[in-house]
Amino acid sequence: MTAAIFRREPGAPTSLDDMTGLTPLISTTKCPEPRHVFQKLREEYGPVAPVELEPGINGWLVLGYQEILTVARQEQAFSADPANWSVYQENRLAPDSQVRAMMSPYDNAFFTDGERHRRLRAPIDGGLGRIDQRQMRRAVAALCTEVIGDFAGRGEADLVADYAAVIPVLAMADVFGMDAAQGRALYRGLLELYSWQGDAAAARERVVGLIAEAVAARRAVPTKDLTSFLAGHPNLRSDAEIYDTVLLLIVGANENAINWISQTLRLMLTDERFGGRLRGGRLGVDDALDEVLWRDPPFTNVAARYALKDTELAGQPIRRGDALILGLAAANADPRIHTGGETFSEVGNRAHLSWGAGPHSCPARLPARLIVRTAVETALHRLPGVRLAIPAEEVAPVDSAWTRGPASLPVRFTPVQQLDAGQS
């Protein structure tokens, strides 16, 4: 299937900033079925569509699989540095802007290009490569059992607030040498930072403050944790680079894992085909996790790339300084990459774009998968007779334009009075 190329009518606005009445970006996440929104945008504009990022601020949403590969791989044309965004350059973001936290320059690999990006990326890859996956697997399994034990005797729980939102934060806190209290404080800050509510800038300051405390503690008493490794890495030349690199790693693994766990459990509880195959063993856990990445990836949209020159993408005139949001979920649903049926039905197919592409692809996919696989397996084994406590249509998504996962998953199950943390 070939998507139509959008043609503007004579007299229509030629500048992205002049367009009005655009679809809000958040409608791609805060809706019952994002694919319907993607289809409507494709029908009207093709694989690259203008959208409203927030009132008064517009951007391009890249919906096409091949178009995302083009943007993500061509650093010479599309920069990851928000300093190249015309809106940022003109200081048009309000102090309480909800896109400011995701689309402002920071001192980490995600927001840089070229040689500086490679310098900042190397400590990330090196640090993640030091993780002992067997040890982490055991620690996460014990953590999952402990967390489930807190509510197992009640016979009811919210599998988001009580489980999915807790496990990744505490697991990553352990990797960074932080205790449970610091992990929970990080979760609260990250939840506000990536939601569409509250003061995102203030939330970021609180999160960075927690990271600064951890870095100071590890400088005083170095250990074998990831914070010590990054704090002493010669590629990170300032405190700001260290703090922002730690934040990037925490966000990369944590935010992905929370929504990935939640979406997998949601499908298990609401989709008879998916749940039946997973519970019956006909669908392996890893294959189930990949199906979720195809259908409803943790990051629906990723900010952003910024045009370094006037160009054209899928028939759309992109001006220097325009922002392009990478619509990962939309690209996974691109009808042009389907050879027949649903792509996610092909067991073993991992060609989705849920981890991004190019030099900025997610570096934390392995620890994220380890955390998510362990959390899902433990829930399957430790919650007998688990079932959703509300109608499936009442499961609402989180309030964010970037991530998509259930805000709450109230369930009931057969109460279990005692869990053995030594088993998983």
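A brief report on the enclosed structure follows. Keep in mind that what you see is a predicted model, and the values were worked out from it rather than measured. (Residues numbered from 1 in each chain as written. Predicted model: local features only at pLDDT ≥ 70, side-chain atom pairs only at ≥ 80, totals over all residues. Heavy atoms only, no water.)

## A short note on the overall build of the protein
Here is step 1 of the chain: Counting its secondary structure elements, the protein contains 15 helices and 10 strands.
Here is step 2 of the chain: Against the compact-globule benchmark of 22 Å for 424 residues, the protein has a radius of gyration of 21 Å, which places it among compact chains.
Here is step 3 of the chain: Seen along its three principal axes, the alpha-carbon backbone of the protein occupies a region of about 70 × 55 × 35 Å.
Here is step 4 of the chain: Looking at the protein as a whole, 56% of its 424 residues qualify as buried.
Here is step 5 of the chain: Sequence separation of at least 24 residues holds for 72% of the intrachain contacts in the protein that already meet a minimum separation of 6.
Here is step 6 of the chain: For the protein, the accessible surface area stands at approximately 17,700 Å², while carbon and sulfur atoms represent 49% of it.
Here is step 7 of the chain: Here the protein contributes 45 positive and 52 negative side-chain charges, whose respective centroids are spaced 5 Å apart. (Helix = DSSP H or I, 4+ residues; strand = E, 2+ residues; numbered from the N terminus. Rg over C-alpha atoms; globule rule 2.2 N^0.38 Å. Buried < 20%, exposed > 50% of the residue type's maximum accessible area, 1.4 Å probe, protein only. Contact = heavy atoms within 4.5 Å. Areas by Shrake-Rupley, 256 points an atom, 1.4 Å probe, with all protein chains shown as cover. Lys, Arg positive; Asp, Glu negative; His and termini not counted. Charge placed at Lys NZ, Arg CZ, Asp CG, Glu CD.)

## Quick word on the sheet that holds strand 2 (residues 57-62)
Two orientations exist for strands paired in a sheet by backbone hydrogen bonds: parallel and antiparallel.
Here is step 1 of the chain: Spatial ordering of the open sheet is given by 1-2-8-5-3, a layout of five strands whose pairing is mixed. Edge positions in the sheet fall to strand 1 (48-54) and strand 3 (78-79), since each has one partner strand and no second.
Here is step 2 of the chain: Here strand 3 runs beside strand 5 (residues 301-307); their pairing, made up of two bridges, is antiparallel. Pairing of F78 across the sheet is with A307, part of strand 5.
Here is step 3 of the chain: On top of the sheet, helix 1 (residues 34-45) reaches strand 1 and strand 2; it is set at about 120° to strand 1, its chief contact.
Here is step 4 of the chain: Contacts from helix 2 (residues 65-73) reach strand 1, strand 2, strand 3, strand 5 and strand 8 (323-327) within the one sheet, and its direction differs from that of strand 8 by about 125°. (Pairing = 2+ DSSP bridges. Axes fitted to C-alpha atoms, helices over the stretch in contact; angles between N-to-C directions.)

## Re the pattern of salt bridges
If charged atoms from side chains of opposite charge come close, those side chains can pair.
Here is step 1 of the chain: Applying the stated criterion to the full structure yields 24 salt bridges.
Here is step 2 of the chain: The residue R116 makes a salt bridge to E241 at a minimum N-O spacing of 3.1 Å. On the criterion of sequence distance, the pair formed by R116 in helix 4 (residues 114-129) and E241 in helix 11 (residues 239-270) is long-range, its members being 125 residues apart.
Here is step 3 of the chain: On the basis of relative accessibility, which here comes to 31%, the residue R116 falls in the partly exposed class.
Here is step 4 of the chain: What makes E241 buried here is its relative accessible area of 6%.
Here is step 5 of the chain: Note that R204 and D244 form a salt bridge whose closest N and O atoms lie 2.8 Å from each other. One end of the pair, R204, is in helix 9 (residues 200-220); the other, D244, is in helix 11, and 40 residues separate them in sequence. (Salt bridge = Lys/Arg side-chain N within 4 Å of Asp/Glu carboxyl O.)

## Quick word on the packing of helix 4 against helix 11
Here is step 1 of the chain: The N-to-C vectors of helix 4 and helix 11 enclose an angle of 55°; their axes lie 11 Å apart at closest approach. Judged by the angle between their axes, helix 4 and helix 11 are oblique. Classified by chirality, the crossing of helix 11 by helix 4 is right-handed. On the side of helix 4, the interface is formed by R116, R119, L120, I124 and L128, while helix 11 contributes E241, T245, L248 and L249.
Here is step 2 of the chain: Across the contact of helix 4 with helix 11, the residue classes tally to five nonpolar, one polar and three charged. (Parallel < 35°, antiparallel > 145°, perpendicular 65-115°, else oblique. Left-handed = near helix turned anticlockwise from the far one by under 90°. Nonpolar A, V, L, I, M, F, W, Y, C, P; charged D, E, K, R; others polar.)

## Here we look at the packing of helix 12 (residues 272-279) against helix 13 (residues 285-295)
Here is step 1 of the chain: Between helix 12 and helix 13, the least distance of the axes is 10 Å, while the angle of their chain directions is 160°. With respect to their mutual orientation, helix 12 and helix 13 come out roughly antiparallel. Note on packing geometry: the crossing formed by helix 12 with helix 13 is left-handed. Mapping the contact onto sequence places R273, F274, R277 and L278 in helix 12 and V285, A288, E291, V292 and R295 in helix 13.
Here is step 2 of the chain: Its residues placed into classes, the contact of helix 12 with helix 13 shows five nonpolar, no polar and four charged.

## Some points on the side chain of D334
Here is step 1 of the chain: Tracing the sequence through the fold places D334 in the loop between helix 14 (328-332) and helix 15 (365-382).
Here is step 2 of the chain: Within the structure, the side chain of D334 is placed 2.9 Å from the backbone nitrogen of Y65, a separation counted as a polar contact.
Here is step 3 of the chain: Leaving out residues up to four positions away in the same chain, D334 has contacts with R42, L63, G64 and Y65. (Polar contact = N/O pair within 3.5 Å; in protein donor to acceptor, adjacent residues only side chain to side chain.)

## Side note on the side chain of R218
Here is step 1 of the chain: Position of R218 relative to the elements: it lies in helix 9.
Here is step 2 of the chain: Owing to a relative accessible area of 18%, R218 belongs among the buried residues under this scheme.
Here is step 3 of the chain: Only 2.4 Å separates the side chain of R218 from the side chain of D225, close enough to count as a polar contact.
Here is step 4 of the chain: What R218 contacts, discounting residues up to four positions off in sequence, is G177, T223, D225, T227 and S228.

## Considerations on the pairing of strand 1
Residues in a regular strand point their side chains to alternate faces of the sheet.
Here is step 1 of the chain: Counting buried positions along strand 1 gives six out of seven residues, so the element sits mostly inside the fold.
Here is step 2 of the chain: Here six bridges tie strand 1 to strand 2, and the two strands are oriented antiparallel to one another. Within strand 2, the residue paired with E52 across the bridge is N58.
Here is step 3 of the chain: Hairpin connection from strand 1 to strand 2: two residues lie between these consecutive antiparallel strands, with G56 at a positive phi of about 85°.

## Structural notes on the nonpolar core
Here is step 1 of the chain: One finds F151, L159, Y163, I167, F176 and I371 to be the most contacted residues of the largest nonpolar core, which totals 89 residues.
Here is step 2 of the chain: Per-element tally for this core: the top contributor is helix 11, with 17 residues.
Here is step 3 of the chain: Apart from residues no more than four positions distant in its own chain, Y163 is found in contact with C144, V147, I148, F151, D158, L265, A375, T378 and A379.
Here is step 4 of the chain: Counting 53 residues, the second largest nonpolar core, distinct from the first, contains L16, L61, W85 and V302. (Core = buried A, V, L, I, M, F, W, Y, C linked by side-chain atoms within 4.5 Å.)

## Some words on the sheet that holds strand 10 (residues 410-412)
Here is step 1 of the chain: Strand order in the open sheet formed by three strands is 4-10-9, and the pairing between neighbours is antiparallel. Among the strands making up the open sheet, the edge pair consists of strand 4 (156-158) and strand 9 (387-388).
Here is step 2 of the chain: Relative to strand 10, strand 4 runs antiparallel, the two being bridged by three bridges. Bridge pairing links A157 to V411 in strand 10.

Shape descriptors only; they carry no functional weight alone.
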